[in-house]
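Okay, here's what each chain looks like letter by letter:
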Amino acid sequence: MSSAIIDVCGRQVHIFESGDGAPLLYLHGFADVHSVKDNWLPFHEKLAQRARLIAPAHPGCARTDENKDIDTIEDVVFHYLEVLDALDLRTFDLIGTCVGGWIAAELAVRHPEKIRRLVLIGAAGLFVPGALIGDVFMMAQPEFGSRYASLREMFFSSADERNALDMFPDGKGELEDEVRRYQMLRFSSRVGFKPPYFYNYALRNRLHRISSPTQIIWGETDRFVPRSHGDTYAKLIPHAEIKSIAGTGHSVQVEKPQETAQLILDFLIA
Amino acid sequence: MMNPVQLFCWHFMAYPYLAKDFDEKESSGWVTVPNRLWDDKRSRGLYQEYIDQLVYADQLGFDGMVLNEHHQNIYGLMPSPNLIAAALTQNTSRGKIIILGNLLPLHLNPMRVAEEYAMLDQMSNGRLIAGFAPGGGPETFNYDVPSANTREKFWEAADLIVRSWTEDGPFAHEGRYFPLRYVNLWPKPLQKPFPPVWIPGSRSPSTMTEVAKRGYCYFLSSRSHGGETHRAQQEFAAVLEKHGDRYHPFRFGILMSTYVAETDQQAREECEEGVWYFLKNCLKGHLRREGRQLTYGPGVPYIPAAAWREYLKGYTPGRKLLGDVENWDELEASQSIIVGSAETVTRRIQNLIEKAKVGNLLIQFQLGNMPDHLARKSMKLFAEQVAPALRHASLKQFSEEYPDRNFASPAVEGMH
């Protein structure tokens, strides 16, 4: 794996890259590379065996410069257009998980021609009446000054899930993991805190513009982004299919990495 | 002429009618505390009782009355302190009216704060002390205010307000967050060039620096007064020096709580119920680790990541906060709530003033569900038997330590 800092219009962007083949851009979520871990997870390693996997850290995450002028998701999309220019990526496959899925969908409605195939995993971004996206910011305020069980429960099938305990431990975790978690919360609060939480009201009426074949993957018991959001994406994106992964919560790619990566590879190569 | 320590009466206006099992049943006193717990019948007249206590403080000779803004909680029933301040302009004539403060990022437009403060200054005949605060964890959720740029927004709003008070309008404000084409306040405040400005902080160097740059008064929002208060004073003094300014006692204020009775024993007996109600109920969700702690945590990421890394290095998971004290001795050691006879309270506060060289004491008398007659008795004893000694000793201390300074009106001295 290469871990590199590239210059994008005078700002630093931290990018992981591995593998050969068709370019596959990966936009991360909460329980993920760059937002907790400084390494690929097993899910990414499997993808990188079959594609050129490129994973930038969002503005303010890992070693990507913070950008105080990011107020809305529109600003993030524009940031990624500049990243794409810097990487000279003209057409590519795109995977987004969670907040990264929201960014991916916003990018796809603006530039459908750039995207060969699109994968959204537990993607935020939509307003679905009666199905609010989870209150991650309040759950990130600890209980008893140090307990994050409700955050784990929101991101995983259970608060005791092995990966959940590793990525969002009680007490004080490994310092740099803690800092990355904080950076991701800080970045996502810029675009996702208001309106509460993580949606752009206008997005659903723009989804018809997406022209690429689209795979939508959802955890069986996602308590962060309710399943009805996945169904709405599947209904409003013209060439979309939705797949559910049994025994997982929100962080499908962490909880069932092999199964999820295989499902995606089958879709991308089909 | 030198002035003695300024003694202000602070009221939080707690909700006093929670059931005995509140702590057992509810996870927080803030943001999510169910509002069905409000008892309409018993609460009738509650605001009047609290306002009358503040009016009584004015009659007893306190230097002023302190109000502040909180939302959706049982700790303080003042979502709009400006409304209470307006009532005080009609019922008091002497003491300063300190609002500490309006939470600027929660206001859609800072002009509203500029206008209401200007009105209050006019209505009170120039008695307003204008506090600006950014709000904290709970308020972020109350009004759905994204936290990442809070401080930048806060200082733009604060500067715009002061500019609107001092510069003739109309002018255009070309701001990042609050751009306005026509700023033209009618009326401006009565006090010239503008009312004293106080800013609360919790020892963050950046807040101290911004306060120093502008010549405002720094108010330490901590409730515990062990060694930290003295250190905060030294830090602030150093920051002032760095900006070509000099520390004096009236640039600095602290919040404390007290209860005075005839004897130490009687004081403890009379206030204990109110004190525990305050610590266990009012602080739950704020300065207690029990339940969900909204004030500190990564869910309200208002400081840059580098500052968070530094914070984590010194942070002990699950550390005790003020509301977690388990017994009276621990509470005494925190020096947050000073309880005793006039003699005891005088000695302890005097000790605090001597060490922290603080000229503004903002004192909470009514605690939790403390009944009206006890709060008033304590205020009266304080005014008659504690305040004179504190004034006398502090005047001597300040004159010796700051001999070349002249303070005609200490509350106003904060501004340049």
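Refer to the structure above for everything that follows.
Just so you know, these numbers come straight off a predicted model, no measurement behind them. (Residues numbered from 1 in each chain as written. Chains lettered and ligands numbered in written order. Predicted model: local features only at pLDDT ≥ 70, side-chain atom pairs only at ≥ 80, totals over all residues. Heavy atoms only, no water.)

Participant: Outline the overall build of chain B, listing residues and values.
Facilitator: When its secondary structure is counted, chain B shows 15 helices and eleven strands. Taking 22 Å as the expected radius of gyration for a compact globule of 416 residues, we find that chain B reaches 21 Å, a close match to that expectation. By its C-alpha atoms, chain B is 60 × 50 × 45 Å across when sized along the principal axes. A buried classification covers 61% of the 416 residues belonging to chain B. Sequence separation of at least 24 residues holds for 77% of the intrachain contacts in chain B that already meet a minimum separation of 6. Counting every atom, chain B has about 16,500 Å² of accessible surface; 51% of that belongs to carbon and sulfur. Looking at charge distribution, chain B has the averaged site of its 45 positive side-chain charges lying 3 Å from that of its 48 negative ones. (Helix = DSSP H or I, 4+ residues; strand = E, 2+ residues; numbered from the N terminus. Rg over C-alpha atoms; globule rule 2.2 N^0.38 Å. Buried < 20%, exposed > 50% of the residue type's maximum accessible area, 1.4 Å probe, protein only. Contact = heavy atoms within 4.5 Å. Areas by Shrake-Rupley, 256 points an atom, 1.4 Å probe, with all protein chains shown as cover. Lys, Arg positive; Asp, Glu negative; His and termini not counted. Charge placed at Lys NZ, Arg CZ, Asp CG, Glu CD.)

Participant: Run through the interface of chain B and chain A, naming residues and quoting values.
Facilitator: With 38 residues of chain B at the interface, the matching set in chain A holds 32 residues. Regarding the contact of chain B and chain A, the summed buried area is about 3,100 Å², with carbon and sulfur atoms giving 57% of it. When the buried surface of chain B facing chain A is broken down by residue, Asp144, Arg292 and Pro298 of chain B rank first, second and third, together holding 21% of it. On the surface where chain B and chain A come into contact, there are five salt bridges. Between Lys68 of chain A and Glu152 of chain B there is a salt bridge; the shortest N-O distance is 2.6 Å. Broken down by secondary-structure element, the contributors of at least two residues to the side of chain B that touches chain A are α6 (137–142) and α11 (305–313) of chain B. Examining the composition of the side of chain B that touches chain A, we find that five residues originate from one element, α11 of chain B, more than from any other. By residue class, the composition of the side of chain B that touches chain A is 20 nonpolar, ten polar and eight charged. (Buried area = accessible area lost by both parts, 1.4 Å probe. Salt bridge = Lys/Arg side-chain N within 4 Å of Asp/Glu carboxyl O. Nonpolar A, V, L, I, M, F, W, Y, C, P; charged D, E, K, R; others polar.)

Participant: Quick one: what's the story with the pairing of strand β6 (residues 115–121) of chain A, residue by residue and with numbers?
Facilitator: Residue and element names in this part refer to chain A. Along β6, six of the seven residues are buried, which leaves the element largely enclosed by surrounding structure. The pairing of strand β5 (residues 92–97) with β6 spans five bridges and is classified as parallel. Counterpart to Thr97 in the pairing with β6 is Ile121. Remark: the β5/helix α3 (residues 99–110)/β6 crossover connection has right-handed handedness. Pairing of β6 with strand β7 (residues 214–219) involves four bridges; the strand directions are parallel. Counted as the bridge partner of Val119 is Gln215 from β7. (Pairing = 2+ DSSP bridges. Right-handed = clockwise from strand over helix to strand, strands pointing away.)

Participant: Account for empty space enclosed by the protein, with residues named and values stated.
Facilitator: If you walk through the whole model with that rule in mind, you get three cavities of 30 Å³ or more. For the largest cavity, the calculated volume is near 170 Å³. What lines the largest cavity is a set of 18 residues, and nearest its centre among them are Pro142 and Gly145 of chain A together with Tyr311, Tyr315 and Arg319 of chain B. Per-element tally for the lining of the largest cavity: the top contributor is α11 of chain B, with three residues. Here the residues of the lining of the largest cavity are counted per class, giving nine nonpolar, five polar and four charged. Considered as a void within the structure, the second largest cavity measures approximately 40 Å³ in volume. Lining the second largest cavity are Phe30, Ala31, Thr97, Cys98, Ile121, Gly122, His250, Ser251 and Gln253 of chain A. Class assignment for the residues of the lining of the second largest cavity results in four nonpolar, five polar and no charged. (1 Å grid on protein atoms, 1.4 Å probe; cavity = no way out; pocket = protein on both sides within 12 Å on 5 of 7 lines; lining within 4 Å. Points joined across faces, edges and corners; volume = space filled by probe spheres on them.)

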